[in-house]
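Structural overview
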Amino acid sequence: MKILVPVKRVIDYNVKARVKADNTGIDLANVKMSMNPFDEIAVEEALQKKESGEAEEVIAVSIGPSQCQETLRTALAMGADRAILIEEDSDVEPLVVAKLLKAVVDEEQPGLVILGKQAIDDDSNQTGQMLAALLGWPQGTFASEVKLAGDKVEVTREVDGGLETVALNLPAIVTTDLRLNEPRYATLPNIMKAKKKPLDTKTVGDYGVDVTPRLTTLYVAEPAKREAGIIVESVEELVQKLKDEAGVI
Amino acid sequence: MNEMEDFNADMLDGLSPFYNDSHILWRNQLRRFLAQEIIPNIEEWESAGELPRSLHKTAAEFGLLGFGYPEEYGGTSKGIDPFHRLLTSMEMGRMGAGGIGASLMTHGIGLPPILAIGSEEMKQRIAPAVLAGDKIIALGITEPSGGSDVAAIKTRAVLDGDDYVVNGSKMFITSGMRADYLTCALRTGDSGSSGISLLLIEMDSPGVSRTRLEKMGWHSSDTAAIYFDDVRVPKGNLIGGENQGFAGVMHNFNGERLGMAAGCVGAAKACLEEAITWARQRETFGKRLADHQVIRHKISEMVRKIKATQSFLELCAWRVNQGETPAADLALLKVQATRTSEFCAREAAQILGGASFIRGNRVERIYREVRVNAIGGGSEEIMLDLAARQMGI
Ligand SMILES: Cc1cc2nc3c(=O)[nH]c(=O)nc-3n(C[C@H](O)[C@H](O)[C@H](O)COP(=O)(O)OP(=O)(O)OC[C@H]3O[C@@H](n4cnc5c(N)ncnc54)[C@H](O)[C@@H]3O)c2cc1C
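Source: prediction; values computed, not measured.

1. Concerning the overall build of chain A
Looking only at helices and strands, chain A has seven helices and 11 strands in total. C-alpha extents for chain A along the principal axes are approximately 65 × 40 × 35 Å. Counting all 249 residues of chain A, 40% fall into the buried class. Taking as baseline every contact in chain A between residues at least 6 positions apart, the subset at least 24 positions apart corresponds to 68%.

The structure is reproduced here in structure tokens:
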């Protein structure tokens, strides 16, 4: 079985994002970028399945500018077998990504696609679900455990108030949550060897997918500054403030 | 950001022209390696007084030992530039256990003279075993009579048939208790720098003895006084030509200074992180420590010095990457960095209060390490003097 792992190049998890002066988006010029942490978990899970003999091949795919090669190299350095870069300089929305991934799935016929549950840049949390819908495959999202059993995959999901386990028929879509695993570190020799692993570069045109945005970003702003708390003197004052200032009662 | 979260100094970095994805890829993998393989063991190794040999193996497999060394000896050098190096030292410094980096990476001072002026036979014999973590190599320059004045070393090697016979001693040698090999500066000729040779001494040779030195800090690093009593060293172990050793010793310095400066910036950031995290959580006199102006100033002063030092560091790294050897600036940079980490260790300790005096936290350890940074690898006094000389003053 092949496992396909889409990986996204995002602003590094430690960097404080800065809004562009004209409020049209986040400033990405000269900002440290790295692989979306949820995708690293996805790569790790796929590699574990390969190491246990449950999968034969792990393929990483990324959609974005040419620098995504480095992101794919991370996946290859961790142990993925080969990579596909679909080069596209414009911002791609989750639906476009899902359509492109569907095209890759049609070509590669993986038994499992493991995605991060969301990317830490836009936190959309849509791509895995959209891909499942486009393919008509079952989906197990927010996985904290993924067990392969014959032609099924059992996915333990983190839901409000507990854990839910679903059994899906393969082929299936899984999206990862934080507690699924602890990704391995790629060794420097493997980082270097990764440069020699196959990396195919494609364009969106190769897949005939229309990347025209359907969403318009109106305005991007910094989150409102949290104001210091106050201590109220009495219950009456609390009620009055909730009524007059917070407007919640 | 959540008030209760630990402060991460990465948040202070803005846009930078110096880092590309490959730098960040390496830094992130290194961070993960340190978090998994080293940080959980710091206390154990600090108490043990030395690193386990198995760590050298693990670090070799990860690629840390071979980092920057020629591929033909088992290293990894293609695609590595001074910014990868700088990030490596900075991340290791950030652990707040400088002895680990010093002792695990002693080959960083022991091996370059061999690679620079040693014979091909010697490179083949020594470098792969060291870079694979099978053998430990140390550098012996300093003697009981002094370290700053390298040209004045006294320990002698006298040719007798096919062997040199070595008598004398070396002092403060990092990894000296565990070392298999010592790249050792010895007097083979007249006084001064033109009478010095480098010999590779195999530490199991008869006549070599060593004593462990207990230190203020760097407890994970074994430091030794080494004594030579009629130690016979085959002529073939001469590194470079006879009386040509001084150049080999000098070969280390610029790279070492850049690395030490980056390590000190990392340590200073560790102090800053601990201080800010604490100042936002601790309350005194009815408000957060971070809301007292005196404390806010301390934090801003720390950030100011860290940013100035890091900017200087990155510019020096950029110049080295252009092929320049800015010796005066590297000397000044080292002083700038050691002073910054010393300042930050002090201010962070003040902010942490009594907690900073209790064993087992980064600030407490770093506070005990600031002296060795300011003295080893070229003391502040010597660096400032060197810079003045380089500037023709
Ligand atoms: C933990 C630790 C590990 C070390 N590891 C190694 C190692 O692995 N290998 C090795 O060879 N050495 C090692 N050293 C030694 C280190 O390099 C020396 O301590 C350093 O070079 C200073 O030499 P010294 O201690 O003999 O001081 P000295 O040279 O005696 O100097 C004493 C003081 O006088 C100052 N001074 C000296 N000359 C002048 C001058 N002309 N003008 C003004 N001030 C001056 C110095 O700055 C210093 O403050 C280590 C030291 C320590 C503490």
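2. Quick look at the site of the ligand
Residues and elements named next belong to chain B. Neighbouring the ligand are 21 residues; Ile141, Gly147, Ser148, Thr174 and Ser379 lie closest to it. Of all the secondary-structure elements, those providing two or more residues to the shell around the ligand are strand S1 (137–140), strand S3 (163–174), helix H13 (370–375) and helix H14 (380–390). Each residue belonging to the shell around the ligand can be placed in one class, and the counts come to nine nonpolar, nine polar and three charged.

3. Some details on unusual backbone geometry
Cis geometry marks the peptide bond from A:Leu170 to A:Pro171, where omega comes out at -5°. Inspection of the secondary structure assignment puts A:Pro171 in the loop between strand S9 (162–169) and strand S10 (172–176). A positive phi angle is found at A:Asn23, which is not glycine, with a value near 60°. By secondary structure assignment, the location of A:Asn23 is in the loop between strand S2 (9–11) and strand S3 (33–35). If you check the backbone angles, B:Phe285 has positive phi at about 50° while not being a glycine. Among the secondary structure elements, B:Phe285 is positioned in the loop between strand S9 (283–284) and strand S10 (287–288).

4. Here's the deal with the environment of A:Ile59
Residue and element names in this part refer to chain A. Summarising the element assignment, Ile59 is placed in strand S4 (residues 57–64). On the basis of neighbour counts, which here come to 22 C-beta atoms within 10 Å, the residue Ile59 falls in the buried class. Once the C-alpha coordinates of Ile59 and Lys2 are considered, the two residues, 57 residues apart in sequence, prove to be 7.4 Å apart. The contacts of Ile59, once residues within four sequence positions are left out, are Lys2, Leu4, Ala80, Asp81, Arg82, Ile84 and Glu108.

5. Observations regarding helix H9 (residues 245–281) of chain B
Compared with the 54 Å implied by 1.5 Å per residue over 37 residues, the 55 Å span of H9(B) between its first and last C-alpha is a close match. Here H9(B) lies mainly inside the structure; 28 of its 37 residues are buried.

6. Considerations on the sheet that holds strand S7 (residues 139–149) of chain A
Residues and elements named next belong to chain A. Read across the sheet, nine strands follow the order S9-S8-S7-S10-S6-S1-S4-S5-S11 without closing on themselves; strand pairing throughout is mixed. With partners counted over all chains shown, the strands left at the sheet margins are S9 and strand S11 (199–203), one partner each. Direction aside, the axes of adjacent strands within the sheet are offset by 30° on average. Direction of pairing for S7 relative to S10: parallel, over a ladder of three bridges. Counted as the bridge partner of Ala143 is Thr176 from S10. Sheet contacts for helix H2 (residues 68–78): strand S1 (2–6), S4, strand S5 (82–87) and S11; angle to S4, the most-contacted strand, approximately 165°. Contacts from helix H4 (residues 127–135) reach strand S6 (112–116), S7 and S10 within the one sheet, and its direction differs from that of S7 by about 65°.

7. A few points about the interface of chain B and chain A
Counting residues at the interface gives 24 residues for chain B and 20 residues for chain A. When contributions to the side of chain B that touches chain A are tallied by element, the ones reaching two or more residues are helix H1 (21–38) and helix H3 (53–62) of chain B. Looking at which element gives the most residues to the side of chain B that touches chain A, the answer is H1(B), with 10 residues. Counted by class, the side of chain B that touches chain A contains 10 nonpolar, nine polar and five charged residues.

8. A short note on the pairing of S3(B)
Residue and element names in this part refer to chain B. Bridge count between strand S2 (residues 156–160) and S3: five bridges; the pairing is antiparallel. Residue pairing across strands places Ala157 opposite Val166, the latter belonging to S3. Hairpin connection, S2 to S3: the antiparallel pair is bridged by two residues, and Gly161 has positive phi, about 65°. Direction of pairing for S3 relative to strand S7 (residues 223–234): antiparallel, over a ladder of nine bridges.

9. Some points on the nonpolar core
What tends to happen in soluble globular proteins is that the nonpolar side chains get buried as a cluster. Formed by 180 residues in total, the largest nonpolar core has its most connected members in A:Val5, A:Ala60, B:Leu199, B:Cys271 and B:Ala275. The element contributing the most residues to this core is H9(B), with 17 residues. Among all residues touching A:Val5, those that are not within four sequence positions of it are A:Ala42, A:Val43, A:Ala46, A:Val58, A:Ala60, A:Ala75, A:Ala80 and A:Ile114.

10. A closer look at the packing of helix H10 (residues 293–321) of chain B against helix H11 (residues 327–352) of chain B
The packing of two helices is summarised by the inter-axis angle and the distance between the axes. All names here are of chain B. Relative orientation of the contacting elements H10 and H11 amounts to 160°, with a least axis distance of 10 Å. One finds that H10 runs roughly antiparallel with respect to H11. Seen along the crossing, H10 lies across H11 with a hand that is left-handed. Residues Ile295, Lys298, Glu301, Met302, Lys305, Ile306, Thr309, Phe312, Leu313 and Cys316 of H10 pack against Asp329, Leu330, Leu333, Gln336, Ala337, Thr340, Phe343, Cys344, Glu347, Gln350 and Ile351 of H11.

11. Some remarks on H2(A)
Residue and element names in this part refer to chain A. Among the 11 residues in H2, 11 count as buried, and that is most of the element. All of the buried residues in H2 are Cys68, Gln69, Glu70, Thr71, Leu72, Arg73, Thr74, Ala75, Leu76, Ala77 and Met78. Directly beyond the C-terminal end of H2, a positive phi value near 145° is found at Gly79.

12. Structural notes on the confidence of the model for chain B
Segments scoring low in pLDDT should not have their predicted coordinates read at a detailed level. Within chain B, residue pLDDT values average 95, and 99% of them lie at 70 or more. This prediction of the complex comes with two scores: 0.89 for pTM and 0.84 for ipTM.

Parameters at a glance
Residues numbered from 1 in each chain as written. Chains lettered and ligands numbered in written order. Predicted model: local features only at pLDDT ≥ 70, side-chain atom pairs only at ≥ 80, totals over all residues. Helix = DSSP H or I, 4+ residues; strand = E, 2+ residues; numbered from the N terminus. Buried ≥ 20, exposed ≤ 12 C-beta atoms within 10 Å, placed from the backbone. Contact = placed C-beta atoms within 7 Å. Near = placed C-beta within 6 Å. Nonpolar A, V, L, I, M, F, W, Y, C, P; charged D, E, K, R; others polar. Expected span 1.5 Å × (residues − 1). Pairing = 2+ DSSP bridges. Axes fitted to C-alpha atoms, helices over the stretch in contact; angles between N-to-C directions. Core = buried A, V, L, I, M, F, W, Y, C linked by C-beta atoms within 7 Å. Parallel < 35°, antiparallel > 145°, perpendicular 65-115°, else oblique. Left-handed = near helix turned anticlockwise from the far one by under 90°. pLDDT = per-residue confidence, 0-100.

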